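Summary of the model geometry
If you want the building blocks of each chain, they are given just below.
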Amino acid sequence: MTGLSVVNSMAEDIKTLEENFRQQNKSCFILGASGETGKVLLQELLERNIFSKITLIGRRQLTFEGKTYENLVQEVVDFEKLDDYAAAFQGHDVGYCCLGTTRAKAGAEGFIRVDHDYVLKSAELAKAGGCTQFHLESSRGANKKSGFLYLKVKGQVEADIEALGFDRFAIYRPGVLLVDRQESRPAEWMARKFFSTVSAVGFRSMAVPIQEVAQAMVSNTVLQPEQKTEILENKDIATLGKSAGK
């Protein structure tokens with residue numbers, strides 16, 4: 001079977017699984033819906049309509065236009081006092097976490113606070129609130145033993161969430177996210193253009209379109225893997241994301 005045939009076959013299977021999933025009237029929440037991946041993930045979830053209820057949990061109310069967003073629920077929380085907002089994390093079947101910042105924006109301590117502490121505490125509250133399935137956007141190269149702070153923090157939060165014992169925990173490790181970031185500096189823009197080019201000619205371990213990350217996260221939600229914890233590397237994300245686009 002050719003690569004295209006595999007993708008087409010996978011797409012047909014996912015459509016069937018989506019329909020079955022849809023009939024279960026499940027609910028989900030998204031952390032980081034104002035960020036790059038979070039925005040696209042929300043659009044993907046709304047388009048594919050596999051949940052009866054979608055809740056956005058964040059530090060501020062987001063503004064949307066159009067009837068598509070009418071049924072969205074928004075919970076505004078203080079991430080420094082998450083225990084006071086435990087109710088916002090109750091009653092969800094599935095959680096998606098696209099929360100994150102950068103060391104350049106927040107400094108080393110701020111980065112750890114957001115990408116580890118906020119993420120882990122949110123996962124703990126979700127687990128306590130009945131969430132059984134958690135999907136985490138991490139990073140290519142994440143490793144709690146890494147000498148690089150970014151990769152070390154990403155790897156540590158992966159391990160800490162795995163220890164919580166969700167029925168299902170999916171980790172996504174994309175490479176460079178191909179997206180036109182509004183706040184990109186010239187050097188970042190050039191880097192993204194470069195990786196977009198090399199991705200197009202086959203270097204799938206290095207970069208991935210952000211749309212494929214979101215599509216992969218939604219498609220993977222309805223799949224039924226044997227293992228409780230799974231790690232999707234960049235190439236896995238691209239393959240699964242492409243199947244959703246068929």
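Summary of the structure given here. This is a predicted model, so every value here is computed, not measured.

Moving on to the nonpolar core. Judged by nonpolar contacts, the single largest core of 34 residues is most densely connected at I30, L41, L45, F51, I54, L56 and Y96. Contributing elements (two or more residues each) for this core: α1 (3-22), β1 (27-31), α2 (36-48), β2 (53-58), β4 (94-97), β6 (168-173), α6 (210-222) and α7 (234-244). Counting residues per element, this core draws most heavily on α6, at seven residues. What I54 contacts, discounting residues up to four positions off in sequence, is C28, I30, L42, L45, L46, N71, L72 and V73. In terms of nonpolar packing, the next biggest core, distinct from the first, is built from 25 residues, F29, V114, L120 and V157 among them.

Attention now moves to the packing of aromatic side chains. The relative placement of two aromatic rings is captured by the distance of their centres and the angle of their planes. Counted by the stated rule, this structure contains nine aromatic pairs. A centroid spacing of 6.3 Å and a plane angle of 45° characterise the contact between F134 and F169, whose relative ring orientation is tilted. You can see F134 sitting in strand β5 (residues 133-137) and its partner F169 sitting in strand β6, a full 35 residues away along the chain. Residue F134 shares its accessibility class with F169, and that shared class is buried. The structure contains a cluster of three or more aromatic residues connected by ring pairs, namely F29, F89, F134, F166 and F169.

Further remarks concern the sheet that holds β1. Read across the sheet, seven strands follow the order β3-β2-β1-β4-β5-β6-β9 without closing on themselves; strand pairing throughout is parallel. Each edge of the open sheet is held by one strand with a lone partner, namely β3 (73-76) and β9 (229-233). Recorded for the sheet is a direction-independent mean angle of 15° between the axes of neighbouring strands. Where β4 meets β5, four bridges bridge the pair, whose relative direction is parallel. Across the sheet, the residue bridging to G95 is F134, located in β5.

Calculation rules
- Residues numbered from 1 in each chain as written.
- Predicted model: local features only at pLDDT ≥ 70, side-chain atom pairs only at ≥ 80, totals over all residues.
- Heavy atoms only, no water.
- Core = buried A, V, L, I, M, F, W, Y, C linked by side-chain atoms within 4.5 Å.
- Buried < 20%, exposed > 50% of the residue type's maximum accessible area, 1.4 Å probe, protein only.
- Helix = DSSP H or I, 4+ residues; strand = E, 2+ residues; numbered from the N terminus.
- Contact = heavy atoms within 4.5 Å.
- Phe/Tyr/Trp six-rings, centres within 6.5 Å; stacked < 30°, edge-to-face > 60°.
- Pairing = 2+ DSSP bridges.
- Axes fitted to C-alpha atoms, helices over the stretch in contact; angles between N-to-C directions.

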